[in-house]
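Each chain, letter by letter, is given below.
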Amino acid sequence: PPVLDIKNLRVEYPLTNGGTLVAVNDIDLTIRPGEIHALVGESGAGKTTVGNALMGLLQAPGRIAGGSISIAGKQINTRTGRTEGIVPGRDVGAIFQDPMTSLNPLFTVESQLCEGMLAHLKISRKEARARALDLLKAVGIPEPERRLGSYPHQLSGGQRQRVVIATALACDPRLIVADEPTTALDVSVQAQILKLIRDLADERRVGVLLVTHNMGVVAEIADRVTIMQNGSVVESGSARGVLTSP
Ligand code: ADP
Ligand code: ADP
């Protein structure tokens, strides 16, 4: 099955004047294993609302007012206005703009990586540690043995985002939502992180919803693109097709 299948998704925020803002207006979106699907559009288009809804992070009183979501074949209950039954980390991995949003400053790299695994996978601490080392290697952290004991402030911005990506992969979710994953990073490391996300999609067959306002990022790594404007999809298709359309 697709790693993500959204049909007619509608998300609303109540306005203080009693009206309703339709932030996401009946959109469809499908992502297959190994595919990077860019969700683009200007600020306010509704991109982050889609990503947050998928991660179970939709801010109340915002609510899902219609449509269906299925993640890796699992139908998600949205009738309550929330995505119920999604376990963040296990079903959907998250990468946000600022790595410090995702990392606990008081936790070592080992704790950040192992916490979710110990909660969601039936493995021992020793197995989790071994998996953590493998993940750090996979995301290109040098001297991973030594880095397990580091705190976030002891890492560079690029290394922090690599640790976030490793954490997003820790429980082996089939879908990752990456919301502006390189916007807060030094220009010199942006391309490296994009390449890492591309390689992980190719090698692990994870599907990625890549929220961005940057067409350069789309050209660099996306397979497919959906363009949103005022909550609606205005164009959707292969990255090549969308980028070359007038
Ligand atoms: P971006 O354009 O990068 O998505 P925004 O500045 O639009 O960033 O939003 C940042 C955060 O503020 C998000 O968590 C979003 O849900 C929240 N937000 C955006 N617009 C509003 C609003 N009108 N009222 C309350 N919260 C908002
Ligand atoms: P984008 O990520 O494309 O910038 P958002 O999803 O952040 O767009 O916002 C879509 C629309 O929903 C905007 O009009 C924004 O102001 C509104 N919005 C986002 N979050 C909230 C919120 N928590 N409360 C009220 N309105 C919000």
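Residues numbered from 1 in each chain as written. Chains lettered and ligands numbered in written order. Predicted model: local features only at pLDDT ≥ 70, side-chain atom pairs only at ≥ 80, totals over all residues. Heavy atoms only, no water.

**Topic: the overall build of the protein chain**
Within the protein chain, the regular secondary structure consists of 9 helices and 10 strands. Over its C-alpha trace the protein chain gives a radius of gyration of 18 Å, about what one expects of a compact globule, namely 18 Å for 246 residues. Scored against the burial criterion, the 246 residues of the protein chain give a buried share of 48%. The contacts in the protein chain between residues at least 6 apart in sequence include a share of 66% that link residues at least 24 apart. Of the accessible surface of the protein chain, which amounts to about 11,600 Å², a share of 49% is contributed by carbon and sulfur atoms. Each charge class in the protein chain can be summarised by its mean position, and for the 26 positive and 25 negative side chains these summaries are 5 Å apart. (Helix = DSSP H or I, 4+ residues; strand = E, 2+ residues; numbered from the N terminus. Rg over C-alpha atoms; globule rule 2.2 N^0.38 Å. Buried < 20%, exposed > 50% of the residue type's maximum accessible area, 1.4 Å probe, protein only. Contact = heavy atoms within 4.5 Å. Areas by Shrake-Rupley, 256 points an atom, 1.4 Å probe, with all protein chains shown as cover. Lys, Arg positive; Asp, Glu negative; His and termini not counted. Charge placed at Lys NZ, Arg CZ, Asp CG, Glu CD.)

**Let's talk about the site of ligand 1**
The immediate surroundings of ligand 1 are formed by Ser-43, Thr-48 and Gln-59. Note that an oxygen atom of ligand 1 is positioned 3.0 Å from one of the side-chain N or O atoms of Thr-48. Protein contacts shield 31% of the accessible area of ligand 1, which totals 550 Å² for the unbound molecule. (Near = heavy atom within 4 Å. Polar contact = N/O pair within 3.5 Å; in protein donor to acceptor, adjacent residues only side chain to side chain.)

**As for the site of ligand 2**
Taken together, the neighbourhood of ligand 2 is formed by Tyr-13, Leu-21, Ala-23, Glu-42, Ser-43, Gly-44, Ala-45, Gly-46, Lys-47, Thr-48, Thr-49 and Gln-59. Look at ligand 2: alone it shows 560 Å² of surface, and the protein chains cover 65% of it. Listed by contribution, the elements that provide at least two residues to the shell around ligand 2 are β2 (20-31) and α1 (47-54). Considering each element in turn, the shell around ligand 2 owes the most residues, 3 residues, to α1. Taken together, the residues of the shell around ligand 2 sort by class into 4 nonpolar, 6 polar and 2 charged. (Nonpolar A, V, L, I, M, F, W, Y, C, P; charged D, E, K, R; others polar.)

**Brief notes about the sheet that holds strand β4 (residues 63-71)**
As summarised here, the arrangement of the 4 strands in space is β2-β1-β4-β5, forming an open sheet in which the pairing is antiparallel. Among the strands making up the open sheet, the edge pair consists of β2 and β5 (74-76). Each neighbouring strand pair of the sheet contributes to a mean axis angle of 10°, computed without reference to strand direction. Here strand β1 (residues 4-14) pairs with β4 via 7 bridges, running antiparallel. Across the sheet, the residue bridging to Asp-5 is Ser-70, located in β4. (Pairing = 2+ DSSP bridges. Axes fitted to C-alpha atoms, helices over the stretch in contact; angles between N-to-C directions.)

Limitation: the analysis is restricted to geometry and does not speak to function.
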